[in-house]
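# Working through the structure, step by step
The primary structure of each chain is shown beneath.
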Amino acid sequence: MSEVERDLDRLLAEVQSAGDVPAHVAVIMDGNGRWAGERGLPRFMGHREGMKAVRRTVTACLDLGVRHLTLYAFSKENWSRPAEEVAALMRLLSEYVERDRSELAEKGVRVSVLGDRSRLSAPARRSVESIETSTAGGGELALNLAISYGSRDEILSAARTLARRCVAGDLSPDEIAPEDFEAALFTAGSPDPDLLIRTSGEMRVSNFLLWQIAYAEIHVTPVLWPDFGERDFYEAVLDYQRRERRFGRVTPVSDDGV
Ligand code: FPP
């Protein structure tokens, strides 16, 4: 084992003994373009390198016992990027699926895609469907990939679902509960994220999980996404463990939620 690996193991042990690990981590993966620009490379190379950071983050979650990971891979707004960048991102998605599908299934990672998949190219849509099918049995980590995703759209779509139920007489408007709303979101079945990580130093939420991050702790790191590794992930979790989570109360909420 190299000194770097020993160092990483020590950090992992520190996180494991420091307190509860977040059940759900959400990540805004930002800075691929800048990473490429700093090296005089096309933007696409930043995304390609970013795919390796996706692998490292999945490994860190598995090693740490994080049960849900949601990655913002492609926003609804990203459709207005130059056509060749969009095409390259779609190809990368298919490449990721082809390369990682069996390993993810072996490791118990269940992949789901959140977003408007009707806008995806036919091959990208097939890739998404195939990875969801082949990893459906995974029970270790739920990996949500937000692709063609916009949180306001998601909230509007949930509102429409509930309105339809009201019109059908299945639900009364006065009785709509937060649980009904949550069940109509793309993230139905996942707990709210405890920790939101954003890379590249930007202090924005960018239309990501607006309902779900109501009480998330936010960790912003200057590291550009392609450079993000297990060490950065563990440091984000350590930062989370140092926070006092009060959910609007005066005193911190204890580990067992009371
Ligand atoms: C934001 O960086 C990143 C994206 C729009 C794409 C994220 C995609 C990946 C990490 C690779 C593919 C992922 C999977 C799951 C297959 P940016 O381009 O906005 O960077 P900039 O702000 O520096 O320009």
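Residues numbered from 1 in each chain as written. Predicted model: local features only at pLDDT ≥ 70, side-chain atom pairs only at ≥ 80, totals over all residues. Heavy atoms only, no water.

### Regarding the site of the ligand
Note the threshold: Residues are labelled near a given molecule or strand when at least one of their non-hydrogen atoms is within 4 Å of it. Any pair of nitrogen or oxygen atoms within 3.5 Å is treated as a polar contact; in protein, a donor-acceptor pairing is required on top of that, and neighbouring residues in sequence qualify only through side-chain atoms on both sides. Here the accessible surface of atoms and residues is derived via Shrake-Rupley with a 1.4 Å probe, and residues count as covered only by protein chains that are part of the display. We count a stretch as a helix when DSSP gives it H or I for four or more residues in a row; a strand needs E for two or more, and each element gets its number in order from the N terminus. Nonpolar residues are Ala, Val, Leu, Ile, Met, Phe, Trp, Tyr, Cys and Pro. Charged residues are Asp, Glu, Lys and Arg, and all others, Gly as well, are polar.
Near the ligand you find 16 residues, and of these Asp-30, Gly-33, Arg-34, Arg-43 and Arg-81 are the closest. Within the backbone of Arg-34, an N or O atom sits 2.7 Å from an oxygen atom of the ligand. Burial of the ligand by the protein amounts to 91% of the accessible area it has alone, namely 630 Å². When contributions to the shell around the ligand are tallied by element, the ones reaching two or more residues are helix 2 (32-38), helix 3 (43-64) and helix 4 (83-106). Across the shell around the ligand, the residue classes tally to six nonpolar, six polar and four charged.

### Structural notes on the sheet that holds strand 5 (residues 195-198)
By definition, the strands of a sheet pair up through backbone hydrogen bonds, in either a parallel or an antiparallel sense. Applied cut-off: For two strands to be treated as a pair, DSSP must find no fewer than two bridges joining them. Fitted lines through C-alpha atoms serve as axes, helices being fitted only where they are in contact, and the angles separating the N-to-C directions of these axes extend from 0 to 180 degrees.
Strand order in the open sheet made by the six strands is 3-4-2-1-5-6, with parallel pairing throughout. Two strands bound the open sheet, and with one partner strand each, they are strand 3 (109-114) and strand 6 (217-220). Pairs of neighbouring strands in the sheet enclose a mean axial angle of 20 degrees, with direction left out of account.

### Concerning the pattern of salt bridges
Heads up, the condition is: Salt bridges are identified by distance alone: a Lys or Arg side-chain nitrogen within 4 Å of an Asp or Glu carboxyl oxygen. The buried label applies to any residue whose accessible area, calculated with a 1.4 Å probe on protein chains only, is under 20% of its type's maximum; exposed applies above 50%, and partly exposed to all values in between.
Evaluation of the coordinates by the stated rule reveals 23 salt bridges. Across the salt bridge formed by Arg-10 and Glu-3, the nearest N and O atoms sit 3.2 Å from each other. Under the relative-accessibility criterion, Arg-10 is labelled partly exposed at 47%. Lys-52 serves as the salt-bridge partner of Glu-49, at 3.2 Å between the closest nitrogen and oxygen. One end of the pair, Glu-49, and the other, Lys-52, are both in helix 3, three residues apart, so they sit about a helical turn from each other.

### Topic: helix 3
Let me state the cut-off plainly: Here the expected span of a helix is defined as 1.5 Å times the quantity of residues minus one.
Between its first and last C-alpha, helix 3 extends 32 Å over 22 residues, near the 32 Å set by a 1.5 Å rise per residue. Every buried residue belonging to helix 3 is among Gly-46, His-47, Gly-50, Met-51, Ala-53, Val-54, Thr-57, Val-58, Ala-60, Cys-61 and Leu-64, and all of these are buried. Of the residues flanking the end of helix 3, it is Gly-65, one or two places downstream, whose phi is positive at about 85 degrees.

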